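What follows is the residue order along each chain.
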Amino acid sequence: MTHSPARVTLHPDFRVGTVDRRLFGSFVEHLGRAVYTGIHEPGHPTADEHGFRRDVADLTHELGVSMLRYPGGNFVSNYRWEDGVGPVEDRKPFLDLAWRTVEPNLVGTDEFLQWAEREGIEPMMAVNLGTRGVEAAAALVEYCNGDAGTRWADLRIANGRAEPYGVRLWCLGNEMDGPWQIGHKDAHEYGKLAAEAGKAMKLVDPSIELVVCGSSSMQMDTFGAWEQTVLSYTYDLVDHVSMHAYYEELDGDRASFLGSGTGMDRFIRRVVASADAVGAQRRSDKRITISFDEWNVWYLESRFPGEANLPIQRDAPRIIEDVYSALDAVVVGDLLVTLLNHADRVPVACLAQLVNVIAPIMTEPGGEAWRQPTFHPFATTARLAQGDALDLRVDAPSYATSRHGEVPAVTAAATHDAETGALALFLTNRSDRVVEVELAHAGAIVSVEQGRQMVADHEPAVAGAEHAAKVTQACWSAVDVAHAVNPGTRTTTIRLAPESWTAFEGRLARA
């Protein structure tokens, strides 16, 4: 059975904006096994001379990660960065209050930044505005980016790093609107502190970009008012406002889960509206953009007991190691569609997180590393999305959901590289029926050459590399383009499987 047809209109002249490579960032926090037995495991058969796992680094490259946020997350809000630099043998373990874990302090600023540099990945650093403030934040920028001849830059040099790291992107704390955050503040307290810390940080290095904390979710009671208040203090200083959002299937409500991208779209539009309202009040032509530096599928409500209920643990405990299904992967693909469609206002985004913790990559201590099903849509989008995001017009049937109201059954995004002519087309069929999409391209020549699709399953997710491989084999496959795509001079018809995410490669040129 097929659903009512959908229509997608595209032309190379109609563009949203250039796709920033930082849109394909991820996140490494000192949480669970993200660092220890994740990216770092001395003694592992693949470990390099610095103790970092080569198998994880190789998968990170395959995933297409351009940037990594560090060291948190909630962890950063009670972290003293000075305790994590210098000789490892002199560092003391400490109790991380955020995740109630004894942090061994074996990986810190230098280890992470040097690993990222070796792997060619841009770092995104966060400063502690929970239990600390202006002085410590400015000192960390000086340590990372300062030239020789000042206290903190000279400490870096003494620790073995002569050249500045040149970290460009900095987060002014993390989720400071959340009562769970160590050092939680109201909007006025945080706005004033962020403004003063950011001012000092830019006095150290005027070239840096700053991300100010937005709402931790659209469900926060302070949502909207928080953004307006915080930006009233920081608008002229910061470059981006952060957004965080996680999605999950609750109570078997598959239809709402598949419509999660509509919730993300509304969240982005509302934060943009709040930021632009502050700009209008200030009569400013500056546009604040979005750093969507935490997003993913996370079974937060149904599987996670909450930070306060965690026992104090040591030795990289297994925390928040969600196992993903092909359904989860379809939703991740659809969330990427949403991000691409806001390329003009969302230049930075981080899939949270990279390894083991709600992650596309999983590892076993001393053992193998493998891809979860969510790995595939992210890696494919990061590889194909080049050039400009196109401004598509999508006319699709809708269906009702309990969480998001009416949502479109089909979503679409496309990118076009004007230099090479490469076209990437990303389509989600959220419905439980086959949908035929009429791709209208009057005035343009479109060819669809190959594609891959993720089709949602109905099986429970099971931990382990073997099951992940079985899901991939069953649900992630090449598209039979000759069967699924009917080319034409003005329209191309594409047939989408039920509950699927599909990425096509092709060519686009003006007629």
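One structure accompanies this document, and this report is about it. (Residues numbered from 1 in each chain as written. Predicted model: local features only at pLDDT ≥ 70, side-chain atom pairs only at ≥ 80, totals over all residues. Heavy atoms only, no water.)

1. Digging into the overall build of the chain
Counting its regular elements, the chain contains 13 helices and 26 strands. Scaling as 2.2 N^0.38, a compact globule of 511 residues should have a C-alpha radius of gyration of about 24 Å, and the chain matches this with 23 Å. Within the chain, the fraction of its 511 residues that count as buried is 62%. Of the charged side chains in the chain, 46 are positive and 71 negative; the average position of the first set lies 3 Å away from that of the second. (Helix = DSSP H or I, 4+ residues; strand = E, 2+ residues; numbered from the N terminus. Rg over C-alpha atoms; globule rule 2.2 N^0.38 Å. Buried < 20%, exposed > 50% of the residue type's maximum accessible area, 1.4 Å probe, protein only. Lys, Arg positive; Asp, Glu negative; His and termini not counted. Charge placed at Lys NZ, Arg CZ, Asp CG, Glu CD.)

2. Describing a nonpolar patch on the surface
A cluster of nonpolar residues, L95, L97 and I312, forms a patch on the protein surface that exposes about 270 Å² of accessible area. Structurally, the position occupied by L95 is in strand β5 (residues 94-96). (Patch = residues over 30% accessible without salt bridge, like charges linked within 9 Å, V, L, I, M, F, W, Y side chains within 5 Å. Areas by Shrake-Rupley, 256 points an atom, 1.4 Å probe, with all protein chains shown as cover. Salt bridge = Lys/Arg side-chain N within 4 Å of Asp/Glu carboxyl O.)

3. What about the sheet that holds strand β22 (residues 444-455)?
Strand pairing in a sheet relies on backbone hydrogen bonds, with the paired strands running either antiparallel or parallel. Strand order in this open sheet of seven strands is β2-β15-β19-β20-β26-β22-β23, and the pairing throughout is antiparallel. In this open sheet, the two strands that pair with only one neighbour each are β2 (15-18) and β23 (476-478). The average undirected angle you get between the axes of adjacent strands in this sheet is 25°. Inspection of the sheet shows strand β15 (residues 388-390) paired to strand β19 (residues 410-416) by two bridges, in the antiparallel sense. Bridge assignment links D388 to a residue of β19, and that residue is H416. The sheet contacts of helix α10 (residues 326-340) involve β15, β19, β20 (422-429), β22 and β26 (500-510), and relative to β19 the element is tilted by about 55°. Running over the sheet, helix α11 (residues 375-384) touches β19, β20, β22, β23 and β26 and is turned about 10° from β26. (Pairing = 2+ DSSP bridges. Axes fitted to C-alpha atoms, helices over the stretch in contact; angles between N-to-C directions. Contact = heavy atoms within 4.5 Å.)

4. Topic: the pairing of β22
The sheet contact formed by β22 and β26 spans 11 bridges and is antiparallel. Bridge pairing links M454 to W501 in β26. Strand direction decides the pairing type here: β22 and β23, joined by three bridges, are antiparallel. Its bridge partner lying in β23, Q453 is registered against S477.

5. Section: the environment of A153
Looking at the element boundaries, A153 is found in helix α4 (residues 151-158). Separated by 14 residues in sequence, A153 and A139 place their C-alpha atoms 8.8 Å apart. Not counting chain neighbours up to four residues away, the residues in contact with A153 comprise E142, Y143, G146, D147 and A148.

6. Quick word on the nonpolar core
With 130 residues, the main nonpolar core has W170, L172, Y190, F292, W295 and L354 as its most contacted residues. By residue number, the principal contributor to this core is α10, which donates 11 residues. Each residue touching F292, except ones within four places of it in the same chain, is listed here: M243, H244, A245, M264, F267, I268, L339, V346, V348, A349 and C350. The next biggest cluster of nonpolar side chains, apart from the first, holds 25 residues, and it includes L10, L392, V448 and L496. (Core = buried A, V, L, I, M, F, W, Y, C linked by side-chain atoms within 4.5 Å.)

7. Some points on helix α12 (residues 465-475)
All buried positions along α12 are accounted for by A465, H467, A468, V471, T472 and C475. Taken end-on, α12 shows its buried residues confined to a sector of 165°, consistent with a single buried face. Those residues of α12 that are exposed and angled more than 90 degrees off the buried face are E466, Q473 and A474. (Arc of directions from axis to C-beta.)

8. Some details on the packing of aromatic side chains
In this structure the tally under the stated criterion is 18 aromatic pairs. Relative to W226, the ring of Y190 has its centre 5.7 Å away and its plane inclined at 15°; by these criteria the two rings are stacked. Of this pair, Y190 sits in helix α5 (residues 187-204) while W226 is found in helix α6 (residues 225-234), placing the two residues 36 residues apart along the sequence. The two residues Y190 and W226 agree in class, both being buried. Relative to Y299, the ring of F257 has its centre 6.4 Å away and its plane inclined at 55°; by these criteria the two rings are tilted. With F257 in helix α7 (residues 254-258) and Y299 in the loop between β11 (289-297) and α9 (300-303), the pair connects residues that are 42 residues apart, well separated along the chain. In this structure, F257 and Y299 share a single accessibility class: buried. Within the aromatic cluster, the residues linked to one another by ring pairs are F52, Y70, F112 and W115. The lysine or arginine in question, R69, covers the ring of F27, its NZ or CZ lying 4.6 Å from the ring centre. (Phe/Tyr/Trp six-rings, centres within 6.5 Å; stacked < 30°, edge-to-face > 60°. Lys NZ or Arg CZ within 6 Å of the ring centre and 35° of its normal.)

9. Concerning the side chain of E294
Secondary-structure assignment places E294 in strand β11. Within the structure, the side chain of E294 is placed 3.0 Å from the side chain of R69, a separation counted as a polar contact. Each residue touching E294, except ones within four places of it in the same chain, is listed here: F27, R69, G73, N174, E175, M243, H244, A245, Y246, C350 and A352. (Polar contact = N/O pair within 3.5 Å; in protein donor to acceptor, adjacent residues only side chain to side chain.)

10. Observations regarding the environment of D58
As for its position among the elements, D58 is in helix α1 (residues 54-63). Spatially, the C-alpha atoms of D58 and S398 are 41 Å apart, while their sequence positions differ by 340 residues.

11. Some remarks on the environment of R318
Summarising the element assignment, R318 is placed in the loop between α9 and α10. Judged by relative accessible area, which is 49%, R318 ranks as partly exposed. If we ignore the near neighbours within four places in the chain, the residues touching R318 are R33, E364 and P365.

12. Structural notes on the sheet that holds strand β25 (residues 491-496)
One open sheet holds the five strands; their spatial order is β16-β1-β21-β25-β24, and the pairing between them is mixed. Across the chains shown, the open sheet's two edge strands, defined by having one partner strand only, are β16 (393-395) and β24 (485-486). In this structure, strand β1 (residues 6-9) lies alongside β16, joined through three bridges in antiparallel fashion. Each residue of the ladder has a partner; that of R7, found in β16, is D395.

Such coordinate-based values are descriptive only and should not be taken to indicate function.
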